[in-house]
Amino acid sequence: MDALILQILNGLDKGSAYALIALGLTLIFGTLGVVNFAHGALFMIGSFCAVSLSKILNLSYVTLDETQTDFLGNPLKVKTPYVESIFGADLGASIIDWAVPLAILFSIPIMIAIGFIMERGLIKHFYKRPHADQILVTFGLAIVLQEIVKHYFGANPIPTPAPDVFKGSLDFGVLLGFDANAIIYPYWRLVYFGFAAVVISAVFAFLQFTTFGMVVRAGMADRETVGLLGININKRFTIMFGIAAAVAGLAGVMYAPINSPNYHMGMDFLVLSFVVVVVGGMGSLPGAVAAGFLLGILESFASMNEIKALIPGIDQIIIYVVAIIILLVRPRGLMGKAGMMED
Amino acid sequence: MFGLGKHDLKILIIVAILALLAPFILNPFPADSAMAQFNAGYPDLMQRFAIYGIFAIGFNILFGLTGYLSFGHAAFLGVGSYAAVWMFKLLSMNVLPAILLSVIVAGLFALLIGFISLRRSGIYFSILTLAFAQMSFNLAYSVLTPLTNGETGLQVYNDDPQILMGPNSSTVTNLFGLEMRSTYTLHIGSWNFDFAVGYYLCALIMLAMFYLSIRIFRSPFGMMLRAVKSNQTRMNYTGLNARPYTLAAFVISGMYAGLAGGLLASMDPLAGAERMQWTASGEVVLMTILGGAGTLIGPVLGSGFIKYFENIFSKINENVLHEWFSFLPQGLENIMVWMVSPFVGSGWHLTLGMLFMLIVIFLPGGLVQGGQKIMHLFRRDRPEDDKPGAARQSTPAE
Amino acid sequence: MGILEVRNVNKRFGGLQALGDVNLSIEENSVHAIIGPNGAGKSTLLNVLIGKLIPDTGSVMFDSQSVLGRKPFEICQMGISRVFQTPEIFGDLTVLENMMIPIFAKRDGAFRMHALESTAHEAGIIEQAEAMLESLNMADQRHDHSAAMSRGNKRRLEIGMCLAQNPRLLLLDEPTAGMARADTNNTIDLLKQINDERDITIAIIEHDMHVVFSLAERITVLAQGSPLVEGTPDYIKGHPKVREAYLGESAVGETA
C-alpha cells in the first residue's frame, strides 16, 4: 500500500510536466490547427529562464579582503553579488536563494513575447499549409532554438537549486499512519504539483469564465462560424499562442530544480507530450491533463522493481505501448472529439 | 534501355557518372593547398554520401509518393546495422551475408511497424512511427542489451564464434577477400585521388537502388502510391485498397533503410542505438525535403548536400575563421568571426535547423524545384516540359 | 427484383429518426432520382447505400448481395461507382493518369504489386483511357494537371472515371451542386448520353428539380426520413402530397 502511494506521488511531478506541456500543445492544435514540434523547446526555454535569472542574480563584483589571505598569502578575493550590495546581505541572499520562484515573474513576459513572435513571424504563414509542412518547419525551429541555447549555455546540464526552504523531503507516510521513512517525498515536487494544479485551473477558468475564453472555445469547436460572426478570431488565437507558450515556459521554470536544465530536454519531453496529447485526444484540454497525469503515474509504476522483474524494460516503453494501443483501439483518444484530424 | 524512358535514363546516367567519378569530382583541390579542406573525395565521406543517399531514396518512396511522413525510419537503419554486426560476429567478416540479413530484418521490422502504424494517417501516423522508433531506441539501451550491447554499442570481439572464418580469412570487413578499406591512391601532380573498395561497393549498390526507385516511380504501383497521396477518398471509391499499397511502400522504404544500416556497419563494423534516435529520423526527412520530395534525384542531392556541409562545417573552427577573414582590419575581422562562428564547428546543427526552416518556408519543392525555377528564368520562352516521362515535381504531402 | 433493393431500413442518431422504414427498389438500367427537401435524409440514405453507415435495422442488397459493412473499395469492386458532391479526382495527377487508375483497378483488382512494370508500356490501359477521354471530349487536356481544371471539367472527368470501370450502378450525389448553368446542362447531357449508350443503372440524389425532371425515369420523394411517394416524373409533378411537401421549394431550386 505505501509503495503504491509512493509511486502515485512519484508519478505526479512528471505527470504535471506532461500535463502542462500537453495542455499548451493541444490548445495550439485545437485553436490554430497547427502541430507544433517546437513546443518542447518552449519548455526548455522556460527552464533556461530560471537558469538565466539565477545567473543574473549571482553576478558579482570582486573585492579584496585584506584581513584574510588565501593559501598563497595574497589577500583573499571576495565575490559579492550586486544584489546583496543593493538590497543588503540578508535580503540579497534570500533573493538569490529564491531565484527559481522569482523566475516565474521573469519568464511570463519573455515566454509570451516569444509566443507572439513565433506565431506572427512563422506559424501564421503555415495555417493553410499541409500538416507535414507544419511539423517540418516547427521541427526546424525546435532545432534552431535548442542550438542557440546550447551555444550560450553549453551542452552540460546546469544545476539550478530550489530555495533552501524546500530542500529536504516530507515524510508523507507518517501523515497517513505508515511507518516513518516509508513514503518520502521531496518538498519541491509537492510544490511543483501544486503549481501545476494552479496553472491548469487558471487556464481552464480563463477559458470557461471570460468572454475571450468563450470565443476561443467556440473557435476550437467551429472556426469558420466564429469567423463569420465577424469576431477577429486570429488576434485571439495569437494571444492563445502566447498563453500556451507561457504555460510551457512556466512548466519549464519550475522543473529546473527537479531536472538540471540541458539543451535537449525540450526534445525529450516533446515526444512524450505528443504521446500524451494523442492519448488524451487531439484538441481536448481535459484529455491532455488527464492523460498527462495518467501516463506520468503509469510510468512511475512501471519503474517499480516488482513490475520490472515481471516484464523487463517495461519502464522504458510503457508510455509508447499505451499510446499505440490507444491510437489503434480508440483513435480519438480518451476524450477526443469526433472528426478531429481523422484522415 | 533498362526499361526506362529517355529522360529517366539521362538522370540515371548522370547519377552514375557522378557516383563513379566521385573520387575525381570531389577532389578538385591539390592536396597541399589551402582549399584542400573543401575536398570531399576521401573514402569515408564518399561512403556516407552513397549510404545516406540510399536511405533518402528509400524514404522518398514512402514520403515522396504516398505523402505519409514517417518520423521513425532511423529505427530501420539501426536494426539493419545491428543485424549486420551480428553476422560479422557469428559468421565471418564477409559483408554479403551481413547486407542481406540487414535488409531482411529491417523489412520484417518495417512490416510489423507499418502494419500497425498505417491503420492511421496524417499526424497520427507520424506520431505512431515516432513512438515506435523511440521505443526501439529505449529498448536497445535497456532490456535488449544482450542483443545490442547497450551504450557501448555492438562490435566484433576476438572471442566471437565467427564460424565461417578460416585461418587465412581477413579480419576486417571484406567481400570474398576484397577488403573494404583497401584503397588505391592515384597521384597526379599535387592531386591525390583515392579509390576505395568500400566506396565503390556502396556506390554500385546506391546506383542499383536508384535504378530500382526509378522503376517504382514509373510503374503502375508508383502511380497508385501517388494516387494515395492525392486523394484517398477517390482511391477507395475506385475499388482500390490503399492499405496494402501504403504498407508495401513502407516496407520497401524500410528495407532501403536497413540496407543503408547494413552498409554503414559493413564500412565500420559498429552499431549503436544513437543511430535509431528520432533526430536521426528527422535527418532523413530533411535530406528528402531539401533535395525535393517526390522527385527522383532530389534525395540523392539532398543527402549529398547535407553530408558534405556537415563535414565541411564541422571542421571549421575559430582559427580557420580568423584565417579567412584575416584580410579585414582587426576589429572587422573579429566581428565577422563572432558573427559566423555560431554556425560552424559544433554549431553545424544550428545551420542545419535554419536551412530546414528556410527550405520548408520558401522552397517546399526542395533544391530540384529551385533548380527548375532558375532554369525557367533562362528559357522563359519555352513552355513547361510536361511530358509524362518528365520528372514530376510535387509539393510535399498535400 | 431491382438491381438495388433497400428493405425496411431504419437509422436513428440519438433522438433523431434519420431514416424510417425506407423501402426502395431501383430497376436495372433505369435512371432513378431520389429527391426531398433539406434534412429529408437523402445523404443518410446515400451513406447507407455505399456502406459508410450501417442502418439499425433492414437490409441493402445489390444484385442479391448485401452491401452492409463492406468497405468502399469492395462495394466499388461489386459494381457500384460513386460521384461526389464536390468532384473527387486525383488532383496531383494528369487527366490521363486519372483515367488510367480506374482501368487498372478494374483489371488488377483492389491491390496488385506491379512495382517493376512500366506504366508507359501498358498500351492497352492507355488506349482505353484515351478512348474514354475522347468520348468525353477531353482528349486535348490529357496531359493537363487535373487540379487546374474548371469544376465542370472535373465533374466530367470524375463521371468518366466511374464509367471507365463499367459499373452496373452509378450513384450520383447532387452532381450539379454549385455549378454554373452551362456546366449543369453539360452534365445533364453527358448523363443522358451515358444512359442512351450504355446498359447502366443511374441513381441520382438531387436537389435541383431541373436536373431531376430532365433525366429521371422514376422518382422517389423522401420526406422526414421516409419515402413519401414514388412514380414517374409526370406522376410526381401532379401529386398533391409532393406539391405540399416539396414543390413549393422547387421554385427555389429552379432559380438557384
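You'll find the structure just up there.
Residues numbered from 1 in each chain as written. Chains lettered and ligands numbered in written order. Predicted model: local features only at pLDDT ≥ 70, side-chain atom pairs only at ≥ 80, totals over all residues.

Asker: Now, about the overall build of chain C: what can you tell me, with residues and values included?
Answerer: Of the regular secondary structure elements, chain C holds nine helices and ten strands. Relative to the globule expectation of 18 Å for 256 residues, the C-alpha radius of gyration of chain C, 19 Å, shows essentially globular dimensions. Each principal axis of the C-alpha atoms in chain C carries an extent, and together these give about 60 × 40 × 30 Å. (Helix = DSSP H or I, 4+ residues; strand = E, 2+ residues; numbered from the N terminus. Rg over C-alpha atoms; globule rule 2.2 N^0.38 Å.)

Asker: With reference to specific residues and values, describe the overall build of chain A.
Answerer: Secondary structure assignment for chain A yields 15 helices and four strands. For chain A, whose C-alpha radius of gyration is 22 Å, the value lies close to the compact-globule estimate of 20 Å for 343 residues. Taking all 343 residues of chain A together, the buried fraction comes to 49%. (Buried ≥ 20, exposed ≤ 12 C-beta atoms within 10 Å, placed from the backbone.)

Asker: An account of the interface of chain B and chain A is requested, with residue identities and associated values reported.
Answerer: Taken together, the contact between chain B and chain A spans 40 residues of the former and 32 residues of the latter. Counting residues per element, the ones that place at least two in the side of chain B that touches chain A are α6 (122-141), α12 (278-291) and α16 (348-362) of chain B. With twelve residues, the single largest contributor to the side of chain B that touches chain A is α6 of chain B. By residue class, the composition of the side of chain B that touches chain A is 25 nonpolar, twelve polar and three charged. (Contact = placed C-beta atoms within 7 Å. Nonpolar A, V, L, I, M, F, W, Y, C, P; charged D, E, K, R; others polar.)

Asker: Can you break down the sheet that holds strand β2 (residues 16-26) of chain C residue by residue, with the values?
Answerer: Residue and element names in this part refer to chain C. One open sheet holds the four strands; their spatial order is β2-β1-β4-β5, and the pairing between them is antiparallel. Each end of this open sheet is capped by a strand with a single partner; those strands are β2 and β5 (65-66). Across seven bridges, strand β1 (residues 4-13) lies against β2 in antiparallel orientation. Looking across to β2, one finds that Glu5 is bridged to Ser25. The strands that helix α1 (residues 42-49) touches are β1, β2 and β4 (57-62); relative to β2, the one it contacts most, it runs at about 60°. (Pairing = 2+ DSSP bridges. Axes fitted to C-alpha atoms, helices over the stretch in contact; angles between N-to-C directions.)

Asker: Describe the nonpolar core, and please don't skip the residues or the numbers.
Answerer: Grouped together as the largest cluster of nonpolar side chains are 301 residues, with contacts concentrated most on Leu23, Val247, Val275 and Ala323 of chain A together with Ile54, Phe55 and Ala260 of chain B. Filtering out sequence-adjacent residues up to four positions away, Ala323 of chain A remains in contact with Val275, Val278 and Val279 of chain A together with Ala131 of chain B. (Core = buried A, V, L, I, M, F, W, Y, C linked by C-beta atoms within 7 Å.)

Asker: Any details on the interface of chain C and chain B? Residues and values, ideally.
Answerer: The partner chain B presents 30 residues to the 30 residues of chain C that form the contact. Among the elements that make up the side of chain C that touches chain B, the one with the highest residue count is helix α3 (residues 95-108) of chain C (five residues). When the residues that make up the side of chain C that touches chain B are grouped by side-chain class, the tally is 17 nonpolar, seven polar and six charged.

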